Amino acid sequence: MKIDYRVMEALEMLERERGIPVDTILAALANALVSAYKRTPGAAEEARVTIQPDSGEIIVYAQELDDDGNVIEEWEDTATDFGRIAASTAKQVIAQQLREAKREQVFDAYEGREGDLVTGMVQQHDNRYTILDLGNAEAMMPGSERIPYERLERGARAKALIIEVRRETKGPQIVVSRSHPDLVRRLLELAVPELLDGTVQIRSIAREAGHRTKIAVVSNDANVDPKGACVGARGSRVRNVVNELRGEKVDVVQWRDDTAQFIAEALGPAKVRDVQVDEEEKSAVVIVSEHQLSLAIGREGQNARLATRLTGYRIDIQSDSRSRRPATRGRGPVAAGGR
C-alpha cells in the first residue's frame, strides 16, 4: 500500500516552503499510523509502521513481545483498507506539523526581543487581559501591565512593549505591557531621530502610567539642545507620545551633572529657589516660594514623587516662608519620598 502521490508532493512542498523535513513528517505519520492500526478490529497489541520516503509505500508489522519487551515474532499485517486510514491520518499529521512549525516560527521571530516596541490590533479586552493581534502572532497584555483606566476598544490599534517571550505547550506566549516605563522610551525614540543616532540620550525615566512620566535627557553634542530635540517644534514630537498614551503627561527634563541643578530641573514646572544636597544620605532639601509649593509637590505628591524616582534622591520640599521661620514644635518640612 502506498501514500497517494499527491500527499508526497505536498510533503515535499512543505519542506521547501516551510522548512519541515519530509523525514520528520513521515516519522510522525508512522507513529500516528501505529495508533490507528491498534484501533482496528483484530489488531495485534504491538506494531510498527515503515514508510519508504521515495515510494511512499506503507507496511504495518504486527509484533509479539516477551515479558521484557523484546520482539519475539513479527509479521506483516497491512490491511487492504488501511490506505483510507493512512490518508485520513496523513491529513491530521500534516495539519499538526504545520501548527507546530508555525509555533516555532513565531517563537524564533520574537525570541530575544524583550524591550522591543510592537503595534497590534485589539482582538479581545476584558478585566483579566487584553489580546493584541500582531499580524503573525498574538500577544497577551495582563491587567497588571495595562495603563490604569485605559479602555482599548476592539479593532483599535495600540503600541506595546514586549516584556517576555516564553515557550509553552500551546505555543509561544508573547507578553506585552503599556504601563512599563520603557514604553515611553521607545515611543520617544520613534519621534526623535537624535535619540536613535545617539546625539541625545535618555538617562532616566520615572513613570506613573496613565498620569505622568518624567524623562531626563542629555546631549552628546554641544550644539544640540536635548530637551528641545525631544519636545520638538511647538511640542510636536512629544505630542505624538502623549497621543499614543491617551493623554498621559510627559515632562522632558534636562539631565545635569550638578545634582542640585538636576533636582531643580526634575521638579519642573515648579520654580526652585534653592537646593541643599546631602550626598551621604542621598537626600535634598528644596526651597520654593509659597505660591510654588503646591506645584512642586504636585497633586497627591505626584510631581515630587516622580522627581525623587528620576533623580534617585529623597526630596524634602519647603516654602521659603517656612524655612525663614523659627522651627516650631510639631511642624516640619513637606517630604516627597517613596519609589
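Conventions we followed
- Residues numbered from 1 in each chain as written.
- Predicted model: local features only at pLDDT ≥ 70, side-chain atom pairs only at ≥ 80, totals over all residues.
- Heavy atoms only, no water.
- Pairing = 2+ DSSP bridges.
- Helix = DSSP H or I, 4+ residues; strand = E, 2+ residues; numbered from the N terminus.
- Axes fitted to C-alpha atoms, helices over the stretch in contact; angles between N-to-C directions.
- Contact = heavy atoms within 4.5 Å.

Hydrogen bonds between backbone atoms are what pair the strands of a sheet, whose relative direction is either parallel or antiparallel. The strand order β9-β10-β11 describes an open sheet built from three strands, whose pairing is mixed. At either end of the open sheet lies a strand with only one pairing partner, and these are β9 (200-208) and β11 (249-254). Put simply, the sheet's adjacent strands are angled 20° from each other on average, direction ignored. Across the sheet, helix α8 (residues 259-266) touches β9, β10 (212-219) and β11, and the angle it forms with β11 is around 160°.

What follows deals with unusual backbone geometry. Along the chain, Gly268 connects to Pro269 via a cis peptide bond; the corresponding omega equals 10°. Along the chain, Pro269 turns up in the loop between α8 and β12 (272-278). In the Ramachandran plot, Glu300 falls in the positive-phi region, its phi being about 55° despite a non-glycine side chain. Along the chain, Glu300 turns up in the loop between α9 (293-297) and α10 (302-311).

This part covers the sheet that holds strand β2 (residues 58-65). In space, the three strands of this open sheet follow the order β1-β2-β3, with antiparallel pairing throughout. The two strands at the open ends of the sheet, each matched to only one other strand, are β1 (46-51) and β3 (71-76). Taking each pair of neighbouring strands and ignoring which way they run, the sheet shows an average axis angle of 25°. Running at roughly 145° to β1, helix α2 (residues 22-38) makes contact with β1 and β2 of the sheet.

What is shown is where atoms sit, not what they do.
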